[in-house]
Amino acid sequence: PDIEDPDKDWDVEKILEAKLRDGGLWYLVKWLDFGDEHNQWMPAEDLTGAPKPVKEFYKKNPGAPRPLPEVAKKLRLRPIAYLTDFEKPEPHRPW
């Protein structure tokens with residue numbers, strides 16, 4: 001939407017896409033009560049007030065890029081497993 005009032009909060013209808021851009025995670029946002037021509041890329045940090053649409057997006061797109069842990073916490077997303085959380089392989093056994 002055209003931002004005439006910078007203090008106004010706009011309602012997110014849904015998240016359409018996620019991508020890494022400019023060193024951070026961005027979401028393509030579909031705004032409630034606005035047409036597709038108003039869809040807009042927004043940084044993940046700016047959507048902490050809209051955790052439900054973000055959660056719904058990840059349910060439908062589990063392989064999509066995810067936010068860093070501190071942003072994920074603000075979005076109330078379940079943390080993802082990082083490499084250090086995986087099971088370690090068994091130690092090498094000599095013949």
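Quick note: structure is the one above.
Residues numbered from 1 in each chain as written. Predicted model: local features only at pLDDT ≥ 70, side-chain atom pairs only at ≥ 80, totals over all residues. Heavy atoms only, no water.

S.K.: Explain a positive patch on the surface to me, and be specific about the residues and the numbers.
M.R.: A grouping of Lys52, Lys55, Lys59 and Arg76 is seen on the molecular surface, where their side chains present a positively charged patch. Mapped onto the elements, lysine 52 comes out in helix 1 (residues 51-60). (Patch = residues over 30% accessible without salt bridge, like charges linked within 9 Å, V, L, I, M, F, W, Y side chains within 5 Å. Areas by Shrake-Rupley, 256 points an atom, 1.4 Å probe, with all protein chains shown as cover. Salt bridge = Lys/Arg side-chain N within 4 Å of Asp/Glu carboxyl O. Lys, Arg positive; Asp, Glu negative; His and termini not counted. Charge placed at Lys NZ, Arg CZ, Asp CG, Glu CD. Helix = DSSP H or I, 4+ residues; strand = E, 2+ residues; numbered from the N terminus.)

S.K.: How would you summarise the pattern of salt bridges if you had to cite specific residues and measurements?
M.R.: Throughout the structure, instances matching the rule amount to one salt bridge. Notably, a salt bridge pairs lysine 30 with glutamate 13, separated by 3.6 Å at the nearest N-O pair. Of this pair, lysine 30 sits in strand 2 (residues 24-31) while glutamate 13 sits in strand 1 (residues 12-21), and the two are 17 residues apart along the sequence. Judged by relative accessible area, lysine 30 falls into the buried class, the value being 10%. (Buried < 20%, exposed > 50% of the residue type's maximum accessible area, 1.4 Å probe, protein only.)

S.K.: Describe the sheet that holds strand 2, listing the residues and the values that go with them.
M.R.: One open sheet holds the three strands; their spatial order is 1-2-3, and the pairing between them is antiparallel. Sheet topology places strand 1 and strand 3 (40-43) at the edges, where each strand pairs with a single neighbour. Averaged over all pairs of adjacent strands, the angle between strand axes in this sheet comes to 35 degrees, irrespective of strand direction. Where strand 2 lies against strand 3, four bridges are found, and the strand directions are antiparallel. When the bridges of strand 3 are listed, valine 29 appears paired with glutamine 40. Taken strand by strand, helix 1 contacts strand 1 and strand 2, and its axis lies near 65 degrees from that of strand 1. (Pairing = 2+ DSSP bridges. Axes fitted to C-alpha atoms, helices over the stretch in contact; angles between N-to-C directions. Contact = heavy atoms within 4.5 Å.)

S.K.: A description of the packing of aromatic side chains should follow, citing residues and the corresponding values.
M.R.: Inspection of every chain in the model, using the stated rule, returns three aromatic pairs. Seen from their ring centres, tyrosine 27 and phenylalanine 57 are 6.3 Å apart, and the 75 degrees between their planes marks the pair as edge-to-face. Linking tyrosine 27 in strand 2 with phenylalanine 57 in helix 1, this pair joins segments that are 30 residues apart in sequence. We note that tyrosine 27, like phenylalanine 57, is buried. Taken together, a centroid distance of 5.1 Å and an interplanar angle of 75 degrees make the contact between phenylalanine 57 and tyrosine 58 edge-to-face. Classification of tyrosine 58 as buried rests on a relative accessible area of 4%. Over the aromatic face of tryptophan 41 sits the side chain of lysine 19, whose NZ or CZ is 4.6 Å from the ring centroid. Over the ring of tyrosine 58 we find arginine 66; its NZ or CZ atom is 4.3 Å from the centre of that ring. (Phe/Tyr/Trp six-rings, centres within 6.5 Å; stacked < 30°, edge-to-face > 60°. Lys NZ or Arg CZ within 6 Å of the ring centre and 35° of its normal.)

Shape is all these values report; function is a separate question.
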